[in-house]
Amino acid sequence: MVSSSHSHHFVVAAFVLLFFAFAAAADEASCKTVIQLVKVKNFVNGKEDDMINGMTAKFGSSLPEKADKSATAPAIFSNPTDCCSSPTSKLSGSVALCERGTCDFTTKAASAQSGGATAMLMINDSDELFEMDCSNDTSVKISIPVVMITKSAGETFNNFLKSGKKVEVLLYAPTRPVVDFSVGVLWLMSVGTVICASLWSDIVGSDKFDSPKGSYKDEAMKDDSDKEIVNIDTKGAIIFVISASTFLVLLFFFMSSWFIWVLIIMFCIGGVEGMHNCIVSLTLRKRPSYGQKTVNLPLFGEVSIFSLVVLLFCVAFAVIWAATRRGSFSWFGQDVLGICLMITVLQLARLPNIKVATVLLCCAFVYDIFWVFISPVIFRKSVMITVAKGDQAGGEAIPMLLRFPRPSDPWGGYDMIGFGDILFPGLLVSFARSELGDLKLGQVTFLTSDCEHTK
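Everything quoted here is computed from the prediction, not taken from an experiment.

*Asks:* I tried to follow the nonpolar core on my own but got confused; where do I start?
*Replies:* Most often, soluble globular proteins have nonpolar side chains that are buried together. Leu351, Val387 and Leu402 are the most contacted members of the largest nonpolar core, which totals 58 residues. Of the residues forming this core, the biggest block, 10 residues, is contributed by helix H8 (residues 257–286). Ignoring sequence-local partners within four residues, the contact set of Val387 consists of Leu248, Leu251, Phe252, Met255 and Ile398. Among the nonpolar cores identified, the runner-up in size contains 22 residues, and Val44, Leu97, Phe157 and Ala173 belong to it.

Now the structure itself:
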């Protein structure tokens, strides 16, 4: 009897444990709805208004990927507006607008659902979106979509409804493409910049062995250009990375619109210089006569007319970009100025040997890893990403990067790559190219002198 009683208790305990295990699994499954980025298409008095972005909760039903699979419904503020108690307003067949606060998200969704709402738009108390978690009470099952929108979007809806206008919304959640072709275009731009910079002396220079006079002239030009080149040593590489880190931290803590404007002005000055250098060098390579006509200017002396015209064009180009930098096509001007600037920088800076190259690239690798992935542990945000996006400067991003739009992405946006990610490998490629060029030059000189001796 005793053994039978123990067996009975064991079976009961096993069933109880299985019940709680399945219940916990069901609760967990109900709170594991895949979060979706949502587009809220709204119509005011039947006329389509600006699109609003949102994000679904970890509970509730999912939204269709295409707009034609969803239905338009009127948007109505619930009464009470916090949706923490049974609604007194008629929500049947409507999308309920609820304000954040007072109670948890699940309670609000349950209130809207009990009133007959087809979906709920949660108005956040700030202009940010974040994940809406489940509450501890999992007894209520939410079967309607729950979407968070920003505070400013909620205020827009409120203004429309207060003025007596009819507001209708359509919710859908388009997915991002599996393959982002814009990344490939950005990669080609970056690699093309490095290749152009490493071959620039061959592109704009003349043949070195056309004639003895040509050789002497080219040698003199090479000596003049060597005087302008800055050789980076090991100490300078380390100091550069430390200085860049210090500047990045200052931007993170003290970034403001005026600080960004200082960077924009510096970028424009460097971009104008680089663009002027590229255009003049390429043009005079094909048409040397363009540089012969000069004019005397106060403070500047004798200046080539062609160079002056190109300079004015570059300045106008930079000013137009700065004035329209928030436009949809401003990425083109930014990329042109940036590429010209990087080509010029790679002509002026040089790695003297592989030791310095190794130190610089290792320091740059640690710099990137730390400020992108490790800095959130210390600063609660990725310092590099925060500065690049301009989150603390009203969305005004720093211009020291290449951008390319994502036309195939329904969410739009840009793929970006910083100048440092191009300049550091570019320095190594330019160093390797110069070493190979010197090697080939030495081989040609040896063969030429050998032929002279055989004569």
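*Asks:* Where do I start with helix H2 (residues 105–114) in this structure?
*Replies:* Every α-helix winds through 3.6 residues per turn, so residues three or four apart in the chain are directed the same way. When you tally the buried positions in H2, you get 7 out of 10 residues, the bulk of the element. Within H2, burial applies to Phe105, Thr106, Lys108, Ala109, Ala110, Ser111 and Ala112. Its buried side turned inward, H2 meets strand E5 (95–99), strand E6 (119–123) and strand E7 (146–149). Two or three places before Thr106, at the opening of H2, Asp104 has a side-chain oxygen 3.2 Å from that residue's backbone nitrogen. With its phi angle positive at about 90°, Gly116 sits one or two positions after the end of H2.

*Asks:* Please explain a nonpolar patch on the surface as it appears in this structure.
*Replies:* On the surface, a nonpolar cluster with roughly 510 Å² of combined accessible area is contributed by Phe365, Val366, Ile369, Phe373 and Ile374. Mapping Ile374 onto the fold places it in helix H11 (residues 354–379).

*Asks:* Sorry, what's going on with the pairing of E6 here?
*Replies:* Look at any regular strand and the pattern is simple: side chains alternate between the two faces of the sheet. Counted residue by residue, E6 has 5 buried out of 5 residues, so it is predominantly covered. Covered by surrounding structure in E6 are Ala119, Leu121 and Ile123 together with Met120 and Met122, the residues of both alternating faces. Where E5 lies against E6, 5 bridges are found, and the strand directions are parallel. Considered in E6, the bridge of Val95 is made with Ala119. In this fold, E5 hands off to H2, which returns the chain to E6; that crossover is right-handed. As paired strands, E6 and E7 are joined by 4 bridges and run parallel to one another. Following the sheet pairing, Met122 is matched in E7 by Met148.

*Asks:* When you look at the layout of surface pockets in this model, what are you seeing that I'm missing?
*Replies:* It is a probe the size of a water molecule, rolled over the atoms, that shows where empty space is left. Here the second largest pocket defines a volume of roughly 1600 Å³. As for the second largest pocket, its lining consists of 46 residues, and the residues nearest its centre are Met400, Gly418, Phe419, Gly420 and Leu423. For the lining of the second largest pocket, the secondary structure elements donating two or more residues are helix H7 (234–254), H8, helix H10 (330–348), H11, helix H12 (383–389), strand E14 (414–418) and helix H13 (420–454). Here the lining of the second largest pocket takes 9 residues from H7, the largest share from any one element. Residue composition of the lining of the second largest pocket, by class: 36 nonpolar, 5 polar and 5 charged.

*Asks:* Help me out: how do you make sense of the packing of helix H9 (residues 305–323) against H10 in this one?
*Replies:* The angle between the axes and the distance between the axes are what describe a pair of packed helices. At a closest axis distance of 9 Å, the pairing of H9 and H10 adopts a crossing angle of 135°. As summarised for this structure, H9 and H10 are arranged oblique, according to the angle between their axes. In this structure, H9 crosses over H10, and the sense of that crossing is left-handed. Contacts between H9 and H10 involve Phe317, Ala318 and Trp321 from the former and Ser330, Gly333, Gln334, Val336 and Leu337 from the latter. Residue composition of the contact of H9 with H10, by class: 5 nonpolar, 3 polar and no charged.

*Asks:* Just to check I follow, could you spell out the state of the cysteines for this structure?
*Replies:* Two cysteines whose sulfur atoms are joined by a covalent bond form what is called a disulfide. A full pass over the atoms with the stated rule returns 2 disulfides. Here Cys83 connects covalently by a disulfide to Cys98, the sulfurs 1.9 Å from one another. Looking down the S-S bond of the Cys83 and Cys98 bridge, the torsion is -75°, so its handedness is left-handed. Residue Cys83 is located in the loop between strand E4 (73–77) and E5, and its partner Cys98 is located in strand E5; the two are separated by 15 residues in the primary sequence. Paired by a disulfide, Cys84 and Cys103 hold their sulfur atoms 2.0 Å apart. Given an S-S torsion of about -95°, the disulfide between Cys84 and Cys103 has left-handed geometry.

*Asks:* Got a minute to help me understand the side chain of Thr344 in this structure?
*Replies:* Along the chain, Thr344 turns up in helix H10. The exposure class assigned to Thr344 is buried, which follows from its relative accessible area of 9%.

*Asks:* Whenever I open this one, the packing of helix H4 (residues 181–198) against H10 confuses me. Can you help?
*Replies:* Two numbers describe how H4 lies on H10: the axes approach to 9 Å, and their chain directions differ by 35°. H4 and H10 meet at a crossing whose hand is right-handed. Where H4 abuts H10, its residues Met189, Thr193, Cys196 and Ala197 lie against Asp335, Ile339, Met342, Ile343, Leu346 and Gln347. Class assignment for the residues of the contact of H4 with H10 results in 7 nonpolar, 2 polar and 1 charged.

Conventions and cut-offs
Residues numbered from 1 in each chain as written. Predicted model: local features only at pLDDT ≥ 70, side-chain atom pairs only at ≥ 80, totals over all residues. Heavy atoms only, no water. Core = buried A, V, L, I, M, F, W, Y, C linked by side-chain atoms within 4.5 Å. Buried < 20%, exposed > 50% of the residue type's maximum accessible area, 1.4 Å probe, protein only. Helix = DSSP H or I, 4+ residues; strand = E, 2+ residues; numbered from the N terminus. Contact = heavy atoms within 4.5 Å. Polar contact = N/O pair within 3.5 Å; in protein donor to acceptor, adjacent residues only side chain to side chain. Patch = residues over 30% accessible without salt bridge, like charges linked within 9 Å, V, L, I, M, F, W, Y side chains within 5 Å. Areas by Shrake-Rupley, 256 points an atom, 1.4 Å probe, with all protein chains shown as cover. Salt bridge = Lys/Arg side-chain N within 4 Å of Asp/Glu carboxyl O. Pairing = 2+ DSSP bridges. Right-handed = clockwise from strand over helix to strand, strands pointing away. 1 Å grid on protein atoms, 1.4 Å probe; cavity = no way out; pocket = protein on both sides within 12 Å on 5 of 7 lines; lining within 4 Å. Points joined across faces, edges and corners; volume = space filled by probe spheres on them. Nonpolar A, V, L, I, M, F, W, Y, C, P; charged D, E, K, R; others polar. Axes fitted to C-alpha atoms, helices over the stretch in contact; angles between N-to-C directions. Parallel < 35°, antiparallel > 145°, perpendicular 65-115°, else oblique. Left-handed = near helix turned anticlockwise from the far one by under 90°. Disulfide = S-S within 2.5 Å.

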